[in-house]
Amino acid sequence: MKLSQGVAAILLMAAGSVAHAEVTSTFTLTNDYNWRGVTQSTKNAAIQGSVDYAHGSGFYAGAWASNVDFGDDNDANVEVDLYPGFAGGETITYDVGMVWYTYPGSDGDALDFPEFHVGIGYRWAEAKVHYTSN
């Protein structure tokens with residue numbers, strides 16, 4: 001239920017200002033979903049996709065999904081990430097946002113967690129810090 005409410009909120013925000021926005025999507029087929037050096041699919045193939053919304057004001061939001069396999073001890077089989085943020089600048093750039101990692105169908109919400117980030121850049125160089133309490 002939380003997932004459908006989150007998706008509905010993103011769609012409502014997007015509907016209000018479609019004229020000044022861009023919607024894009026991705027589709028990926030990979031032989032291993034690897035996140036920060038750790039396999040998320042037990043070194044098996046993964047199908048991934050995203051839908052992203054970007055407004056001229058700098059606001060952005062999106063959803064990304066992939067199949068996952070954490071082994072026999074965990075029943076999660078899909079990951080859905082929801083992310084809003086705000087970015088901008090030309091020569092000096094900035095990005096502030098968060099990602100809510102969810103695993104629908106797994107045991108309760110034990111695997112779900114938020115991650116926050118802030119970044120700054122100058123021309124071609126960028127530094128970004130991510131934080132999560134989990």
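Note that the coordinates shown come from a computational prediction; the quantities given were computed from them, not determined experimentally.

Some points on the overall build of the protein
Item 1. Looking only at helices and strands, the protein features 1 helix and 9 strands.
Item 2. Tracing the protein from N to C terminus, the helices and strands come up as α-β-β-β-β-β-β-β-β-β.
Item 3. The buried share of the protein, taken over its 134 residues, is 30%.
Item 4. Sequence-distant contacts in the protein: of pairs separated by 6 or more residues, those separated by 24 or more amount to 39%.

Focus: the sheet that holds strand S5 (residues 59-67)
Item 1. Taken together, the 7 strands give an open sheet; going across it, the order is S1-S4-S5-S6-S7-S8-S9, and neighbouring strands pair in antiparallel fashion. One side of each edge strand has no neighbouring strand; the edge strands of this open sheet are strand S1 (21-30) and strand S9 (125-131). Ignoring strand direction, the axes of neighbouring strands in this sheet form an average angle of 15°.
Item 2. Taken together, the 10 bridges between strand S7 (residues 92-102) and strand S8 (residues 113-122) define a ladder with antiparallel strand orientation. Across the sheet, residue Trp100 finds its bridge partner in S8, namely Pro114.

Some remarks on the pairing of S8
Item 1. By the alternation rule, side chains of S8 split into Phe113, Glu115, His117, Gly119 and Gly121, which are all buried, and Pro114, Phe116, Val118, Ile120 and Tyr122, of which none is buried.
Item 2. Between S8 and S9, which pair antiparallel and follow one another directly, the connecting turn spans 2 residues, one of which, Arg123, has a positive phi of 55°.

What counts, and where the lines are drawn
Residues numbered from 1 in each chain as written. Predicted model: local features only at pLDDT ≥ 70, side-chain atom pairs only at ≥ 80, totals over all residues. Heavy atoms only, no water. Helix = DSSP H or I, 4+ residues; strand = E, 2+ residues; numbered from the N terminus. Buried < 20%, exposed > 50% of the residue type's maximum accessible area, 1.4 Å probe, protein only. Contact = heavy atoms within 4.5 Å. Pairing = 2+ DSSP bridges. Axes fitted to C-alpha atoms, helices over the stretch in contact; angles between N-to-C directions.

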